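Chain and residue survey
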Amino acid sequence: MKTAGLKEGLFSSVVTVISIFVFSHVSYAAENTGDLKKPSLTIIQNDGNAKLGSINLRDDHENLQRIDTNFVSSSPAIVAYSAFTGDEVNNNLVHDPLTTADATTFLVTFRSSQEMTLNEVEWKLFKYNEALEQRSYDSRKINYNDFELDPASYYFASWTPSPGEGDKPLVKGLYLCKVTVKAKNSKLRSTVNFKFEVE
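In this text, all values refer to a predicted model and were calculated from it rather than measured experimentally. Each chain has its residues counted from 1, following the order in which its sequence is written. Whole-chain, interface and lining totals are the exception, using all residues; otherwise, since this is a predicted model, local features are given only for residues with pLDDT of at least 70 and side-chain atom pairs are given and counted only at 80 or more. Hydrogens and water molecules were not included; the side-chain quantities draw on all heavy atoms of the structure.

**Description of the sheet that holds strand β12 (residues 189-198)**
Two strands in a sheet stick together by hydrogen bonds in their backbones, pointing the same way (parallel) or opposite ways (antiparallel). Paired strands are those between which DSSP finds at least two bridges. Elements are defined by DSSP. Helices are runs of H or I of four residues or more, strands are runs of E of two residues or more, and each kind is numbered from the N terminus. The strand order β6-β12-β11-β8-β9 describes an open sheet built from five strands, whose pairing is mixed. Of all the strands in the sheet, the pair left with one neighbour each is β6 (98-99) and β9 (134-149). The pairing of strand β11 (residues 173-183) with β12 spans ten bridges and is antiparallel. Note that in β12 the partner of V181 across the bridge is S190.

**Here we look at the packing of aromatic side chains**
Aromatic rings from Phe, Tyr and Trp, with only the six-membered ring used for Trp, were paired whenever their centres fell within 6.5 Å, and each pair was classed as stacked if the ring planes differed by under 30 degrees, edge-to-face if by over 60, and tilted otherwise. Following the criterion strictly, the structure yields eleven aromatic pairs and no others. On the numbers, 5.9 Å between centres and 40° between planes, the contact of Y81 with Y154 is tilted. Residue Y81 is located in strand β4 (residues 78-89), and its partner Y154 is located in strand β10 (residues 154-159); the two are separated by 73 residues in the primary sequence. Burial classification: accessible surface area is computed with a 1.4 Å probe over protein chains only, and a residue below 20% of its type maximum counts as buried, one above 50% as exposed, and the rest as partly exposed. The class for Y81 is partly exposed, based on a relative accessible area of 21%. Among the aromatic residues, those joined into a cluster by ring pairs are F106, W123, Y137, W159, Y175, F194 and F196.

**Details of the environment of D138**
Summarising the element assignment, D138 is placed in strand β9. On the basis of relative accessibility, which here comes to 14%, the residue D138 falls in the buried class. In this structure, the C-alpha to C-alpha distance between D138 and L170, residues 32 residues apart in sequence, is 9.3 Å. Leaving out residues up to four positions away in the same chain, D138 has contacts with W123, K124, L125, D167 and K168. Pairs of N or O atoms within 3.5 Å make up the polar contacts considered here, provided that, within protein, one atom can donate a hydrogen while the other can accept it, and that residues adjacent in sequence are counted only when both atoms are side-chain atoms. In this structure the side chain of D138 is engaged in a polar contact, spanning 2.8 Å, whose partner is the backbone nitrogen of K168. Throughout, a contact is declared for two residues whenever any of their heavy atoms are within 4.5 Å.

**Description of a positive patch on the surface**
Residues form patches when they are more than 30% accessible in relative terms and have no salt bridge. Like charges link within 9 Å. Nonpolar side chains (Val, Leu, Ile, Met, Phe, Trp, Tyr) link within 5 Å. For the area figures, the Shrake-Rupley method with a 1.4 Å probe applies, and any residue is considered shielded solely by the protein chains shown. We define a salt bridge as a contact between a side-chain nitrogen of Lys or Arg and a carboxyl oxygen of Asp or Glu at a distance within 4 Å. For this count, His and the chain ends are skipped, Lys and Arg are scored as positive, and Asp and Glu as negative. In this description, the location of a charge corresponds to atom NZ of lysine, CZ of arginine, CG of aspartate or CD of glutamate. Where like charges cluster on the molecular surface, the positive patch consists of K124, K141, K178 and R189. One can find R189 in strand β12.

**Regarding the side chain of T99**
Its location among the elements puts T99 in strand β6. Overall, the relative accessible area of 6% leaves T99 in the buried class. Of the polar contacts made by the side chain of T99, one reaches the side chain of T104; its length is 3.1 Å. With sequence-adjacent residues up to four places away left out, T99 is seen in contact with T104, F196, E197, V198 and E199.

**Quick look at the confidence of the model for the protein**
In regions of low pLDDT, the predicted coordinates are not meant to be interpreted in detail. In the predicted model, the protein carries a mean pLDDT of 76, and 67% of its residues have values of at least 70. Note on residues 1-37: pLDDT is under 50 here. Beyond four places in sequence and across chains, it has 62 contacts. Here pLDDT means the predictor's own confidence in every residue, given as a number from 0 to 100.

**A few points about the pattern of salt bridges**
Taken as a whole, this structure holds five salt bridges when the rule is applied. The salt bridge involving K184 is made with D146; its shortest N-O contact spans 3.1 Å. Here the residue K184 occupies a position in the loop between β11 and β12, and D146 occupies one in strand β9, the gap between them amounting to 38 residues. For D146, a relative accessible area of 35% puts it in the partly exposed group. Here the residues in one salt-bridge network are E120, E122 and K182, joined through shared partners.

**A short note on the nonpolar core**
Throughout this description, the term nonpolar core refers to a set of buried Ala, Val, Leu, Ile, Met, Phe, Trp, Tyr and Cys residues connected via side-chain atoms within 4.5 Å. Counting 31 residues, the largest nonpolar core has I78, V108, F110, W123 and V179 as the members making the most contacts within it. Broken down by secondary-structure element, the contributors of at least two residues to this core are β3 (50-56), β4, β7 (105-112), β8 (116-128), β9, β10, β11 and β12. In this structure, V179 is in contact with A83, V108, V121, E122, W123, S190, T191, V192 and F194, ignoring residues within four places of it in sequence. Counting residues in each nonpolar core, the second largest holds five residues, with I55, L107, Y154 and F156 among its members.

The following block contains the structure:
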């Protein structure tokens, strides 16, 4: 299966990733100015198999708000846009729903409507059996040390399951992953789901 890198000419090929990184606006700017304003990724916390980073779009807040028309800024909210399996290839994030047991990284992108404290990201894995029934498989809660979220920034978190760290090894089959991003206030949370296959 061919993977799609998230860079200049491929933004339109992965709709879920486009919506996450708001690259549709970036691509439009490139077509009209000839100068692509590439977003920069900054790693905020790196714990080996878990990372937290920010996505800086090098644009003004007004344009970000116009893109994200459904985002309500008048009341506190944390929104997870989408999640996917992927990896980093040649310094680019790639979306890859068909992966291997020893090279799987899960990513989720999110933002907050107001300044607030990020508590944790919880990953829950479910595996389908031959009858396509879901069975709970593994889970991991990753704490981010009360990192203060900036509403003008987009963020991503990743988790790479590692049996050496106590994670259950991934085996061949179809999975569902439920990801919940939680603010310090336990009522402020957002969950997204995605499916992937280990070959």
